[in-house]
Amino acid sequence: MNSKKQGPSPRETLFMLVFILLIMLGSCSYAHRVMGKIMTRAGESHSVNDVDTGVVADGTLSDLDKLTVNDNPTPPEKYNRVEQFGPAWKDVDHNGCDTRNDILARDLTVKEMRNACVVTAGQLADPYSGKRIDFSKKEASKVQIDHVVALENAWQSGAYNLSKENREALANDPDNLLAVNGHDNMAKGSKSADQWMPPNSTYACAYASKQVQIKTRYALTVTSSEKQALADALATCTTN
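Everything quoted here is computed from the prediction, not taken from an experiment.

Criteria and thresholds
- Residues numbered from 1 in each chain as written.
- Predicted model: local features only at pLDDT ≥ 70, side-chain atom pairs only at ≥ 80, totals over all residues.
- Heavy atoms only, no water.
- Phe/Tyr/Trp six-rings, centres within 6.5 Å; stacked < 30°, edge-to-face > 60°.
- Buried < 20%, exposed > 50% of the residue type's maximum accessible area, 1.4 Å probe, protein only.
- Disulfide = S-S within 2.5 Å.
- Helix = DSSP H or I, 4+ residues; strand = E, 2+ residues; numbered from the N terminus.

A. Quick peek at the packing of aromatic side chains. If you walk through the whole model with that rule in mind, you get 7 aromatic pairs. Here W155 and Y160 contribute two aromatic rings whose centre-to-centre distance is 5.7 Å and whose plane-to-plane angle is 75 degrees, an arrangement assigned as edge-to-face. Residue classification places W155 among the buried residues on the basis of a relative accessible area of 2%. The exposure class of Y160 is partly exposed, given its relative accessible area of 21%. Aromatic ring contacts, followed pair by pair, group Y79, F85, W155 and Y160 into a single cluster.

Shown next as structure tokens:
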């Protein structure tokens, strides 16, 4: 007795079509999620690289007037970088990169990276000299990271009243850090604004503004001569 092989019933055919459609929709949804993550990461990378370090920080003459003047600060002990502010360039934001490389990645353009963190080359529009500097890891000292409010000055200005955690935050605060040419960074040392200002006079406003911002944020003091120097620099700011 011969029997003919029957094809799938209409109901079975419908189930198969629905099953295939669900698989296709799931694949599209997964692809959409993957592409979404890729685009998000690309957007995040773009926003980091587009940071404008030329923007003037929010430190004004009004903020300066609110700072306490202390011409005879008396810290309880001598300045010690590691003991009082922690080891240099900790990864305080836990992004896997030390603070130095975070600032180099922020301030340099045309960067070359060894991995997600280490900047091996790039170009700096140096705010202190007004010149462009080619940076390479082989000559790392040509570009250094400056504390706008030097840590020793911060200590003398009342940072000894802060907790160790807040002092480490000050030492790694991106608003208090700039990639600059090594020569001017060494010349500045721990000097306050009345003792040293950037040779590039067009940066005086931004420099003073950053100093006032940080001294306000961490409740630090100024001396009379320092306050006058900051006020003179802020007076050069242009208004919109």
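B. Quick peek at the state of the cysteines. In total, this model carries 2 disulfides according to the counting rule given. Two residues, C97 and C117, share a disulfide whose sulfurs are 2.0 Å apart. Across the S-S bond linking C97 and C117, the dihedral sits near -75 degrees, which makes this disulfide left-handed. Residue C97 is found in the loop between α3 (81-85) and α4 (99-107), and its partner C117 is found in the loop between β1 (108-113) and β2 (119-125); the two are separated by 20 residues along the sequence. Accessibility expressed as a relative area gives 9% for C97, which makes it buried. Note on cysteine connectivity: C205 is disulfide-linked to C237, with sulfurs 1.9 Å apart. When the S-S torsion is 100 degrees, as for the bridge of C205 with C237, the disulfide is right-handed. Placement of C205 in helix α8 (residues 204-217) and of C237 in the segment after α9 (224-234) is noted, with a sequence separation of 32 residues between them. Residue C205 is classed as buried on the basis of its relative accessible area of 10%. Among the cysteines of the protein that take part in disulfides, numbered as they appear in the sequence, the pairing is 1-2, 3-4.

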